[in-house]
Amino acid sequence: MQTFQLHPSRFFESDAQTRKVAHELYDSVKDLPIVSPHGHVDPKLLAENAPFPDPTELIIIPDHYIFRLLYSQGIALESLGIPTKDGAPVENDHRKIWQIFAEHFYLYAGTPTGAWLAHEFAEVFGVTEKLNGESAMRIYDHIHQKLQSPEFLPRALFERFNIEVLTTTDGAADSLEYHQQMRNSGWLGHVVPCFRPDAVVNLLAPGWKNEITRLGDAADMEITSFKNFIRALEVRREFFKSMGAVSTDQGVASPHTHELSESEAEAIFQRGLHEQASEKDAAAFTAHILMEMARMSVDDGLVMQIHPGSFRNHNQRIFDRFGPDKGCDIPLQTEYTKNLHALLNKFGNEKNFRLIVFTLDEATYSRELAPLAGHYPALKLGPPWWFHDSFEGMMRFRERVTETASIYNTVGFNDDTRAFPSIPARHDLARRVDANFLARQVVRHIIDMADARQMVKALAYDLVKKAYKLD
Amino acid sequence: MQTFQLHPSRFFESDAQTRKVAHELYDSVKDLPIVSPHGHVDPKLLAENAPFPDPTELIIIPDHYIFRLLYSQGIALESLGIPTKDGAPVENDHRKIWQIFAEHFYLYAGTPTGAWLAHEFAEVFGVTEKLNGESAMRIYDHIHQKLQSPEFLPRALFERFNIEVLTTTDGAADSLEYHQQMRNSGWLGHVVPCFRPDAVVNLLAPGWKNEITRLGDAADMEITSFKNFIRALEVRREFFKSMGAVSTDQGVASPHTHELSESEAEAIFQRGLHEQASEKDAAAFTAHILMEMARMSVDDGLVMQIHPGSFRNHNQRIFDRFGPDKGCDIPLQTEYTKNLHALLNKFGNEKNFRLIVFTLDEATYSRELAPLAGHYPALKLGPPWWFHDSFEGMMRFRERVTETASIYNTVGFNDDTRAFPSIPARHDLARRVDANFLARQVVRHIIDMADARQMVKALAYDLVKKAYKLD
Amino acid sequence: MQTFQLHPSRFFESDAQTRKVAHELYDSVKDLPIVSPHGHVDPKLLAENAPFPDPTELIIIPDHYIFRLLYSQGIALESLGIPTKDGAPVENDHRKIWQIFAEHFYLYAGTPTGAWLAHEFAEVFGVTEKLNGESAMRIYDHIHQKLQSPEFLPRALFERFNIEVLTTTDGAADSLEYHQQMRNSGWLGHVVPCFRPDAVVNLLAPGWKNEITRLGDAADMEITSFKNFIRALEVRREFFKSMGAVSTDQGVASPHTHELSESEAEAIFQRGLHEQASEKDAAAFTAHILMEMARMSVDDGLVMQIHPGSFRNHNQRIFDRFGPDKGCDIPLQTEYTKNLHALLNKFGNEKNFRLIVFTLDEATYSRELAPLAGHYPALKLGPPWWFHDSFEGMMRFRERVTETASIYNTVGFNDDTRAFPSIPARHDLARRVDANFLARQVVRHIIDMADARQMVKALAYDLVKKAYKLD
């Protein structure tokens, strides 16, 4: 048996001086509450507060960060129990799946998923041996047993994790019933929705018309015109706000923004309703909706987020068999300077407006995003996203962004996860990387310790609360 | 009161071995004269040699590097005393402006502006406490008092800074009267102009025709044809040369180069004169002018510089109210391999030609620029520019460029500043980063100490003199 | 005289803890056999096993990595003895050429070429003084003398270098006579060809029709149709396989993949035969051939490699006078997410298919290539290529790729060289960089020592054997 434990200095530089400073900075923020302003935890989890079924169901099956790497090494998704769209049977022996996972756990060495899992195993579940083929079943049993106890119910974990606020991501037509259920239950956990209208914004998505109908139903109106459509979005934003929402989010292939005339917008919308919209129509529509969403944010104060640049469902065979979010979304080169020009020119100087932009294209950090955020008062930079939410990725972000935008035009950390028990691991890693980044500057006498203390707290807690208007 | 002083080892790695070598290398070059071959100091400053008015006028109001970050945090430019185009009143209490700046000085922690200001405060003005809201007025008074003394007159600082040569940047139609005035005064400071024809090259710039008239006046001819126009440029280059110029410079959106036929060039020029030029015309014109400027450099030996890839005045509202250079210029993705093909094919092998290229797109360092400079004898790489003139930015440049182009196809440092008293700070930072970069290679036994000594001197002094033909 | 020797810890971090771990990891792999699955050594060298003529002929004249940097500093290729296409005379005093090289050897300080040459001089030839103008002739004589001895014959070096397998790169119509000659000679060195059809794939290349004729001759058929052409490729692949080939390779300007209909492909091919093909035709043809080559790989099991994104022969004057491979190939921005979509959708999930992709655009490492390789089972990432095969370049590759793709979707090292005696230097440098990369993770407690040992062996030996089906 290979024992395993987390090292208290993990992720810090090895030279003694930097490590000492990094520890001091990290220690000053490690116990701050977690503010999670963007993520994908299912609100049903906390509404129903039912026990997690088993380790495989909890950790492997819902997490494409994990199974994409197994798939890349030739392991069929079926053998990992990933459900098919048509209900064709897949492996349902969860111990067998866990065994495969354990035998390939070496693949995650040096990856953020590996680091998060190590933290989750050690800190959340008290695992003390290294996961591999030999230890697989012992660890499965250990975690499985924990999951039966009341201390491992979702709300108990929420409290143990010291989560001050958790934001979910919800469709524009969503009833928010689970959010309502949480409120009604008298539970004091602070969980808020985020308004994400992707399904009603992409004219060419299969099922778009159906989504428009759902949106109309939710807004209690019939959507027959672009004007109606916009009104429905406004109504729904108001509802989300009443349920505690502080933000919106949009996933777009390109961050292109461009204002259409009323008649152009209407004409495209009608072509969409008649299933005659072209790709050009769809792109123009998205560019215009980004302008409309910004305008609404100026009006209602919801913080606007954009997550651009992902080629969704790149692997058609996997999408056809298993659906979306199966590890097949691949980043695209992205341009911001020209694409955000219309939006920033119209709204970028507005006091009441806040736009948080994310990217999957690290080449834009120092070239476009930091210079834009270092000028426009409305614009703030979201933390490293997805593939870049990693030790090296976070260092690159800080190194490329800070000198031009300063840390004060960034917004702290997002865990962005659907893997609820990995939340503390993700925030801990971010706090460690930030402490290490600042420690390097302290020992090189670029900043002093007083600045560093203020900065590490800003990055862990203050900036996220301010940026998302949670203060 | 928080005391403050510069640490002698600032910016060096913290491990003892690297720091020792970095110190040794830095010490060998720190007192070398400053050669500043490209920048934006107003020649009037040194021609008139009048006292600097006050700290706010000296440090904040003219420096968009500084006030863009304040603006990004919601501080109105009016409240910082930035003059409006229409003369609408702005804050004119310079102590009040300084107080705002001091209260937000924490924003610059970890930025190059913060590092330069720290050096300037400590080394130029002898400030010994940290700038913040509490110390603001004491420091203002301290600097203000210094500025009254003869030791702080521009020429006295020039000499104290040990500037061997300072290059200004001057329009093609500029009379160079202040350069003449300096010469006439008998002052021995070496200040030379640089020929920058941007205003007469961009057909679509407002006021272009007016600039053509000014150019014609300056060249003592009427410009009615493209041929005349080119002749006027030649005449003016000759005049700049006679006033000591060794270089030209062009800021272009794209570095696209392409030779037009004589009749095409003439037709576009005529459309420009008749205000009928299209965007395509303007782009083709710039591409052709780059070819013409290269040809002229082959003829007259002036070193050619290109600064491409900035989307100027991105924030229309700020431009309309305050004009250019207000922190709203944002980099664009830039391509060099195809774009410079025509120019390098025609002139890149010429012994007498030297082209120094800059970039705001760091992705091009290792992909395009280092391979090009590692082959074409005429091409040299300018130092990290603007947002990338920073601790991390300079390290990235050296790490991405050196292995392919060697340091010997780079040209040392440019301070590129209009902030005269920050010049020593900028050169000091560059020398420290280069010493640190080379020290890392020494302790890893990639280069030996003899090589490192030669290289650190080349980077601080020899290369710039050779590249700009100042030796 | 400046003595010179390789430091045993070269390229490792200077902090004692990291260096110790790096040494331990490096020591565990430094003596593993060299597996060289892609390169440009001339098979004639090992077939004939004749002595290398002299140091200049061996080291300088054939190696554009070396002479491009001399050319960039204004040294004429003629004076370096680079042969002209038309046979116009060039310098033929090899001592004189070596003297120029030695006097400019300082240019290579901090470059991979400098590091490889240092290793080659010390380890292969036992040189003990530093190369410069003063030592030039002594070192020339020293190496020259060695080259006369049987220990320095190509096959003796092959064995001394501990090369387990060496792959050459060979045209589709190549007779592989030298490979046959090696086999017939009874020599046991394992040297295999790689099928590279570039010359028959690019419709617009001068001499394409001639190459098609050669291909037909080699395949013993007349190529009059696209169908015939594809058949000829299949026949030749079969022949290469019979001669030990395990892989194919293609150099393409863009990695665009797109399947044409049979009639479209035929029409374009016929336009090519009639010298009427357009640039668009040529691009479409290449995109289709990549699909065909993938299909054939699924059928015959040859590993497919793509080397995209080089603008070949950028300097027309040099190309016209000296031909290809003269240091004038410059990288281009490259896109993979959209361009590989067709190929990966059709073949990326195939068990029997393996595609190894290279890039000259480092911006694609974390943005496109690592996410693609972290999902598609058929796709693996080739090591840093050409300009990026360097100390910093390899570190960047590992830092940007590992967290998303894991090391297990990469394929170890390629030396990719035509400079036979530099092969051990290149593998040694790669092993050192990988050991150092992993040591940094160990001392920061990101991975443990057991993982690191397995990973360093995988990177040095296991992955390349598996990826290229050499196990």
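Cut-offs used in this document
- Residues numbered from 1 in each chain as written.
- Chains lettered and ligands numbered in written order.
- Predicted model: local features only at pLDDT ≥ 70, side-chain atom pairs only at ≥ 80, totals over all residues.
- Heavy atoms only, no water.
- Axes fitted to C-alpha atoms, helices over the stretch in contact; angles between N-to-C directions.
- Helix = DSSP H or I, 4+ residues; strand = E, 2+ residues; numbered from the N terminus.
- Parallel < 35°, antiparallel > 145°, perpendicular 65-115°, else oblique.
- Contact = heavy atoms within 4.5 Å.
- Nonpolar A, V, L, I, M, F, W, Y, C, P; charged D, E, K, R; others polar.
- Least-squares fit on C-alpha atoms with pLDDT ≥ 70 in both.
- Domains from an automatic or database assignment.
- Buried area = accessible area lost by both parts, 1.4 Å probe.
- Salt bridge = Lys/Arg side-chain N within 4 Å of Asp/Glu carboxyl O.
- Polar contact = N/O pair within 3.5 Å; in protein donor to acceptor, adjacent residues only side chain to side chain.
- Buried < 20%, exposed > 50% of the residue type's maximum accessible area, 1.4 Å probe, protein only.
- Pairing = 2+ DSSP bridges.

A.B. asks: Whenever I open this one, the packing of helix α18 (residues 391–405) of chain B against helix α18 (residues 391–405) of chain C confuses me. Can you help?
C.D. replies: Any two packed helices are characterised by how steeply their axes cross, that is the angle between the axes, and by the distance between the axes. At a closest axis distance of 8 Å, the pairing of α18 of chain B and α18 of chain C adopts a crossing angle of 130°. Classified by the angle their axes make, α18 of chain B and α18 of chain C are oblique. Contacts between α18 of chain B and α18 of chain C involve Glu399, Arg400 and Glu403 of chain B from the former and Phe391, Glu392, Gly393, Arg396 and Arg400 of chain C from the latter. Residues that form the contact of α18 of chain B with α18 of chain C fall into these classes: one nonpolar, one polar and six charged.

A.B. asks: Could you clarify how one ought to interpret the relation of the copies chain C and chain A in this entry?
C.D. replies: Look at the two chain copies: a rotation about an axis and a shift along it is all it takes to match them. The operation relating chain C to chain A is a screw motion whose rotation component is 120°, with 0.0 Å of axial translation and a residual RMSD of 0.0 Å. Here the two chains are linked by the operation of a three-fold rotation axis. Different-surface contact between copies: only 6% of interface residues of chain C are shared with the interface of chain A.

A.B. asks: Sorry if this is basic, but what is going on with the domain arrangement of chain A here?
C.D. replies: By a widespread convention, an interface's size corresponds to the accessible area lost as its parts come together. Residues and elements named next belong to chain A. Domain parsing of chain A yields domain 1 (16–50 + 154–467) and domain 2 (51–152). The centre of domain 1, based on its C-alpha atoms, is set 27 Å off from the matching centre of domain 2. Counting from both sides, the interface comprises 32 residues of domain 1 and, opposite them, 26 residues of domain 2. Interface of domain 1 and domain 2: buried area, both sides summed, is about 2,600 Å²; carbon and sulfur atoms make up 64% of it. Looking at the side of domain 1 facing domain 2, the largest losses of area belong to Arg321, Phe322 and Pro421, adding up to 22% of the total buried there. Between the two partners, domain 1 and domain 2, sit one salt bridge. A salt bridge links Arg321 to Glu78, with the shortest nitrogen-to-oxygen separation between them at 2.4 Å. Where domain 1 packs against domain 2, one counts five residue pairs in polar contact (both at pLDDT 80 or more).

A.B. asks: What's the story with the pattern of salt bridges in this structure? I'm lost.
C.D. replies: The final tally for this structure, using the stated rule, is 99 salt bridges over all chains. Residues Arg444 of chain C and Glu13 of chain A are paired through a salt bridge, measuring 3.5 Å at the closest nitrogen-oxygen approach. One end of the pair, Arg444 of chain C, is in the loop between α19 (423–443) and α20 (449–467); the other, Glu13 of chain A, is in the segment before α1 (16–27), on a second chain. Since its relative accessible area comes to 11%, Glu13 of chain A is described here as buried. Notably, a salt bridge pairs Arg295 of chain C with Asp299 of chain C, separated by 3.0 Å at the nearest N-O pair. With Arg295 of chain C and Asp299 of chain C both in helix α14 (residues 279–300) and four residues apart, the pair spans about one turn of that helix. Taking the relative accessible area as the measure of exposure, Arg295 of chain C reaches 25% and is therefore partly exposed. For Asp299 of chain C, a relative accessible area of 55% gives the class exposed.

A.B. asks: Before we go on, may I ask you to explain the sheet that holds strand β4 (residues 191–192) of chain B in this structure?
C.D. replies: Through backbone hydrogen bonds, the strands of a sheet pair up, either in parallel or in antiparallel fashion. All names here are of chain B. Pairing is parallel across the open sheet formed by three strands, whose spatial order is β1-β2-β4. With one partner strand each, in any of the chains shown, β1 (34–36) and β4 form the two edges of the open sheet. Summarising the sheet, strand β2 (residues 163–167) and β4 pair through two bridges and their orientation is parallel. Bridge assignment links Leu166 to a residue of β4, and that residue is Val191.

A.B. asks: Could you clarify how one ought to interpret the interface of chain A and chain B in this entry?
C.D. replies: Counting residues at the interface gives 48 residues for chain A, matched by 47 residues for chain B. Of the roughly 4,000 Å² buried between chain A and chain B on both sides combined, carbon and sulfur atoms contribute 49%. Looking only at chain A, the three residues that lose the most surface to chain B are Arg367, Glu403 and Arg444 of chain A, adding up to 20% of its buried area. Here chain A and chain B share five salt bridges between them. Lys130 of chain B is the salt-bridge partner of Asp448 of chain A, the closest N and O atoms lying 2.6 Å from each other. For the side of chain A that touches chain B, the elements supplying multiple residues, two or more each, are α1, α16 (341–347), α17 (363–373), α18 (391–405), α19 (423–443) and α20 (449–467) of chain A. Looking at the side of chain A that touches chain B residue by residue, the class counts come to 14 nonpolar, 18 polar and 16 charged.

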